[in-house]
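Listed below, chain by chain, are the residues.
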Amino acid sequence: MSVRDIGVITALGSPAIAGRFHTLVLQPTSFCNLDCTYCYLPDRRSRRLMSVPVATACARSIEQQDSSHQVSVVWHGGEPTTTPIDIFRELLTPFEQLRHTGQVRHELQTNATLINQRWCDLLAAHRFEVGVSIDGPGTLNGNRLDRAGKATTVQTMRGIQALVDAGLTYSVICVVTPETIDHASDLVEFFAGLPGCESVGFNIEEQEGADRLPASEEAAYRFWHQIVRYRLAGSPLRIRDVDRLADYLAATRAGIADYGPYEPIPTVSHAGQVVLLSPELLGIKDPRYADFIAGDVLHESIGDMLARAGELSYVTEFVTALNDCAGHCAFYDFCRGAQAGNRYFEHGTFTTRETAYCRTTRQALVRAAADHLTPQGGSS
């Protein structure tokens, strides 16, 4: 068996990495107007912008896939709305035919501080799904600072109000830090009361290059225990993480659990460079892994890059870790091996089986839910 074969086959005999993608992350710029204390992005002061040829090449890679296979094009950053709006509109043009035929839907992840009527009009015209990054009310959002070190909550709330006034709904991503992890009730009440908020996803702060220690497993358990309690008590707030667990349990009971290959998340830089598996790896320099670059979308389709993914050392290491997880971890069926980026940022390699991310975001959630749902479960 060749190195390439080893790189793409699991111990169970099925492909480890899918040859098609459902999500494509595009970085129109790596620049960000904020300076969050936990941010790991290395190029967030660079103002270089994506060109239309790069966007066109990305659209072409989507077009080469099965036409019934819808792709979420996620405009991320940096802060994508620091891209001049007229340039951003030009970047959307190559995707228009695909959007009209249902092959593409657009998503935007934003800190919302720059959202105004013009942005709302563009988002509505292209039917964007909007995600807003805010970590809670007042001091609970204290890690999200501007370049002068000042709080940004007022600016974000102003952007949220612009979305609401335009009739646009949105989801929220909340980074839960060691400073806020014991404030689950305050967070749920805040997000439940946000007008226009459809759901919230709680990302317990991960170790991704910033000089900060992650939350403990015990604190994560306490957090998820409270979150699950709110949901069971009938809170109307949709919580992404609890919904995922509920969907997994329902599918398992129905005998339709998905055991397909790991879904890659190709991520394209402003210049067209592509990393596979984890968006967090884009811009990270590590000569051992050739900076994680799988290719250049201006010269090769993303589908072709995925076809030879087994030639990339970080992919083969990650598959080794997936095999290890599948063979040894009781949580594998739910978490499917966690995330490639977490393995690298925590351990400097992709072969380590368990990460702090596994323990605080997957395992602690499952344990907390189990303790609520089983007779012997406590009520701590």
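Residues numbered from 1 in each chain as written. Predicted model: local features only at pLDDT ≥ 70, side-chain atom pairs only at ≥ 80, totals over all residues. Heavy atoms only, no water.

**Some thoughts on the sheet that holds strand β9 (residues 273-275)**
As a reminder, the rule being used: Only strands that DSSP links by at least two bridges are regarded as paired with each other. Each helix corresponds to a stretch of at least 4 residues labelled H or I by DSSP, and each strand to a stretch of at least 2 residues labelled E; elements are numbered beginning at the N terminus. Throughout, a contact is declared for two residues whenever any of their heavy atoms are within 4.5 Å. Between the N-to-C directions of two axes lies an angle of 0 to 180 degrees, each axis being a line fitted to C-alpha atoms and, for a helix, fitted only over the stretch in contact.
Here ten strands make up an open sheet; going across it, the order is β7-β6-β5-β4-β3-β2-β1-β8-β9-β10 and the pairing mixed. Bordering the open sheet on either side are β7 (238-239) and β10 (293-296), each of which pairs with just one other strand. Alignment of strand β1 (residues 23-26) against strand β8 (residues 267-268), held across two bridges, turns out to be parallel. In the sheet register, Leu26 faces β8, and the bridge partner there is Val268. Where helix α8 (residues 217-232) meets the sheet, its contacts fall on β5 (170-176), β6 (197-204) and β7, and the angle it forms with β6 comes to roughly 160°.

**Topic: the side chain of Asp135**
Convention followed: Accessible area is worked out with a 1.4 Å probe on protein chains only. A residue is then buried under 20% of its type maximum, exposed over 50%, and partly exposed in between. Charge assignment in this entry is limited to Lys and Arg as positive and Asp and Glu as negative, and neither His nor the chain termini are counted. By definition, a salt bridge exists where a carboxyl oxygen of Asp or Glu is found within 4 Å of a side-chain nitrogen of Lys or Arg. Within 3.5 Å is the distance limit for a polar contact, defined as a pair of N or O atoms, with the added protein rule that one can donate a hydrogen and the other accept it, and that residues adjacent in sequence qualify only through two side-chain atoms.
As for its placement among the helices and strands, Asp135 is situated in the loop between β4 (129-133) and α6 (153-165). We note that Asp135 is buried and unpaired, the nearest opposite charge coming from Arg144 at a distance of 4.5 Å. A distance of 2.5 Å separates the side chain of Asp135 from the side chain of Tyr38, its partner in a polar contact. Within the structure, the side chain of Asp135 is placed 2.9 Å from the backbone nitrogen of Val175, a separation counted as a polar contact. Those residues in contact with Asp135 that sit more than four places away from it in its chain are Tyr38, Leu140, Asn141, Arg144, Ile173, Cys174, Val175, Leu187 and Phe191.

**With respect to the packing of aromatic side chains**
Inclusion rule: Each pair of aromatic rings taken from Phe, Tyr and Trp, with Trp reduced to its six-membered ring, is defined by centres within 6.5 Å and is described as stacked if the planes are under 30 degrees apart, edge-to-face if over 60, and tilted in the remaining cases. Either the NZ atom of lysine or the CZ atom of arginine qualifies as a charge over a ring when it sits within 6 Å of the ring centre and within 35 degrees of the ring normal.
Applying the stated criterion across every chain, the model contains 19 aromatic pairs. When the ring of Tyr289 is compared with that of Tyr344, the centres are 6.1 Å apart and the planes differ by 85°; the resulting orientation is edge-to-face. With Tyr289 in the loop between β9 and β10 and Tyr344 in helix α13 (residues 340-347), the pair connects residues that are 55 residues apart, well separated along the chain. Here Arg47 stacks its cationic end above the ring of Phe31, 3.9 Å away from the centre of that ring. Positioned above the aromatic ring of Phe334, the side-chain terminus of Arg362 is 5.8 Å from the ring centre.

**Quick word on the side chain of Asp286**
As for its position among the elements, Asp286 is in the loop between β9 and β10. Here Asp286 falls in the buried class, since its relative accessible area comes to 7%. Separated by 2.7 Å, the side chains of Asp286 and Tyr344 make a polar contact. Not counting chain neighbours up to four residues away, the residues in contact with Asp286 comprise Asp291, Phe292 and Tyr344.

By themselves these figures say nothing about function.
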